[in-house]
Amino acid sequence: MSTFLGMPGRAHAPAGVGMLHADRPFPAAARAALGDVQLRRNLGRATATIRAKRAAVVAEVPHWEELREAGRAVKAATMASLDVQLEQLEAAVTARGGQVHWARDANEANRIVTDLVRATGETEVVKVKSMATQEIGLNEALAAAGITALETDLAELIVQLGHDRPSHILVPAIHRNRSEIREIFTREMPGVPPGLTTEPAALAGAARAHLRRAFLRAKVAISGANFAVAQTGTLAVVESEGNGRMCLTLPETLITVMGIEKVVPRWADLATFLQLLPRSSTGERMNPYTSLWTGVTPGDGPQAVHLVLIDNGRTAVLADEVGRQALHCIRCSACLNVCPVYERAGGHAYGSVYPGPIGAILTPMLTGVEANPSLPYASSLCGACYEVCPVKIDIPSILVHLRAEHVEAVAATGRVPSPEAVAMAAAGWVMASPRRFAAAQAASRAGRLLGRRRGVIGALPPPLDRWTSARDLPRPPAETFRQWWARERGGRR
Ligand code: SF4
């Protein structure tokens, strides 16, 4: 594997494979989502609840800022020596009886996993919730090979039975309420109890009975991993339901698919992340289930253990000095829950398996910005995501960095500049000269003829209506700051 990170021509994730390429730009998808009142109600309620829980448990930790800094530092050091860490991980997993496979992209990863399942002779697998396998479109690839993949995380099961797409990293069915879930179970779940109600206990009971049958017949399981310890070869999955642990312990073969950035150097590093992750994600002090396994233990658990390490654009992200901190993400979803754009538009609008603020930076970097050019603009740059991120990823700065990359890419093509680019160029020219700036301010006074009743200008003629179609424009003040200054200070500086 030693040439894996050193491969010439680091590539972005291939188009058309997996769930990274949006089928329409964010503004169009968000506009459609904003019209869905039920979706906005479900999202608003769910994100408000998680936000409050997170804030309460984070406030209990007096050294929270030091923990965040420790998490950031471990991730930054890991990225600086990723090739070394991955080689150590491979050696440690292999020494304990596991097998490591390397996949440059989604196609390669899907082929490896499909071949591994085929070799067992099985046509059904159970799955632990995994972002990496969604990213590469593994379920679809397995289905094409005649292999059924059954999601066992409750929310993922709801999404799968509903022939839907996940809309949140942690709570993939956050856009569904209880009535909708009952309807999906009644329609799609084999052996669903007659007269199923919308009571959470009844819904969970139906899912439990359905999944228990699958766990007991499964010979092969597929998981992701939250962390992999290079020092020991240990893989870790944290979850809330225990369904993951069923998958990780009962089957004979366990295949784990993991992005290369999930490695941490030392066992002791888990102590930092296992404090940061549950508080930031579910608002719990500790995850109900933390499963750790190291290679094969004879007579205990799966006797064939595979680790598939995927690149799929990550080395291209690593090469970006500003953007590489996106690889520090521990997928807690705290940034989604505080984001005003996510809360209103929902996860599907991002068109990628990674929604919200982290998706707005990670997806375009994995695919190349020009494959998802609207995502870096899916933010108000309010900074709330940075405030809550447990590993201190500076998402707003990366958004600005990616916007600049997009603007430069458009300029380099020689295409006609966008109206926004023309407006910015004009604003730059005006602001570069005090005389021009004063003249523009004087001209803007004409705007005071508008918006007298509400104090804001709600509608302007084309092309300025592109601004007022989505937001109000403040009415120009009766007096500019310069005029106020001259009046108050008599021109003194
Ligand atoms: S970017 Fe930070 S807050 Fe958002 S999911 Fe990743 S670790 Fe969590």
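Since the structure is predicted, the reported quantities are computational estimates derived from the model, not experimental observations. (Residues numbered from 1 in each chain as written. Predicted model: local features only at pLDDT ≥ 70, side-chain atom pairs only at ≥ 80, totals over all residues. Heavy atoms only, no water.)

Student: So what's going on with the site of the ligand? Residues and values would help.
Tutor: Taken together, Cys 329, Ile 330, Arg 331, Cys 332, Ser 333, Cys 335, Ile 358, Cys 389, Pro 390, Val 391, Ile 393 and Ile 395 make up the full set of residues adjacent to the ligand. Taken together, the residues of the shell around the ligand break down into 10 nonpolar, 1 polar and 1 charged. (Near = heavy atom within 4 Å. Nonpolar A, V, L, I, M, F, W, Y, C, P; charged D, E, K, R; others polar.)

Student: I'd like a description of the packing of helix H3 (residues 64-80) against helix H12 (residues 269-281), backed by residues and values.
Tutor: Packing of H3 against H12 brings their axes to within 10 Å, and their N-to-C directions diverge by 120°. Classified by the angle their axes make, H3 and H12 are oblique. Crossing handedness for the pair H3 and H12: left-handed. Contact residues: H3 offers Trp 64, Leu 67, Arg 68, Ala 70, Gly 71, Val 74 and Lys 75, while H12 offers Asp 269, Thr 272, Phe 273, Gln 275, Leu 276, Arg 279 and Ser 280. Of the residues that constitute the contact of H3 with H12, the class distribution is 6 nonpolar, 4 polar and 4 charged. (Axes fitted to C-alpha atoms, helices over the stretch in contact; angles between N-to-C directions. Helix = DSSP H or I, 4+ residues; strand = E, 2+ residues; numbered from the N terminus. Parallel < 35°, antiparallel > 145°, perpendicular 65-115°, else oblique. Left-handed = near helix turned anticlockwise from the far one by under 90°. Contact = heavy atoms within 4.5 Å.)

Student: Break down the pattern of salt bridges for me, with residues and values.
Tutor: Considering all chains together, one arrives at 20 salt bridges under this definition. Ionic pairing is found between Arg 487 and Glu 479, a salt bridge with its closest N-O pair at 2.6 Å. Since its relative accessible area comes to 29%, Glu 479 is described here as partly exposed. One salt-bridge network, held together by shared partners, links Glu 135, Glu 261, Arg 314 and Arg 331. (Salt bridge = Lys/Arg side-chain N within 4 Å of Asp/Glu carboxyl O. Buried < 20%, exposed > 50% of the residue type's maximum accessible area, 1.4 Å probe, protein only.)

Student: Quick one: what's the story with the sheet that holds strand S9 (residues 289-294), residue by residue and with numbers?
Tutor: Within the open sheet, the 4 strands sit side by side as S8-S5-S6-S9. Their pairing is mixed. The open sheet has two edge strands with one neighbour each: strand S8 (263-264) and S9. Note that strand S5 (residues 227-229) and S8 share 2 bridges and pair parallel. Counterpart to Val 229 in the pairing with S8 is Val 264. Strands S5, strand S6 (234-239), S8 and S9 of the sheet are contacted by H12, whose axis makes an angle of about 170° with S5. (Pairing = 2+ DSSP bridges.)

Student: Help me get a handle on the packing of aromatic side chains, residues and values and all.
Tutor: The relative placement of two aromatic rings is captured by the distance of their centres and the angle of their planes. Using the criterion set out here, one finds 6 aromatic pairs in the structure. Centre to centre, the rings of Trp 484 and Trp 485 are 6.2 Å apart; their planes meet at 55°, and the pair counts as tilted. Residue class for Trp 484 comes out partly exposed when judged on its relative accessible area of 32%. A connected cluster of aromatic rings, assembled from ring pairs, spans Phe 26, Tyr 342 and Tyr 350. Cation over ring: Arg 436 sits above Trp 429, and NZ or CZ is 4.0 Å from the ring centre. The ring of Trp 485 carries the charged tip of Arg 489 above its face, separated from the ring centre by 4.7 Å. (Phe/Tyr/Trp six-rings, centres within 6.5 Å; stacked < 30°, edge-to-face > 60°. Lys NZ or Arg CZ within 6 Å of the ring centre and 35° of its normal.)

Student: Describe unusual backbone geometry, listing the residues and the values that go with them.
Tutor: In this model, Asn 312 sits at a positive phi of 50°, which is unusual for a non-glycine residue. With respect to the secondary-structure elements, Asn 312 resides in the loop between strand S10 (304-310) and helix H13 (314-318). The buried category is assigned to Asn 312, whose relative accessible area is 1%.

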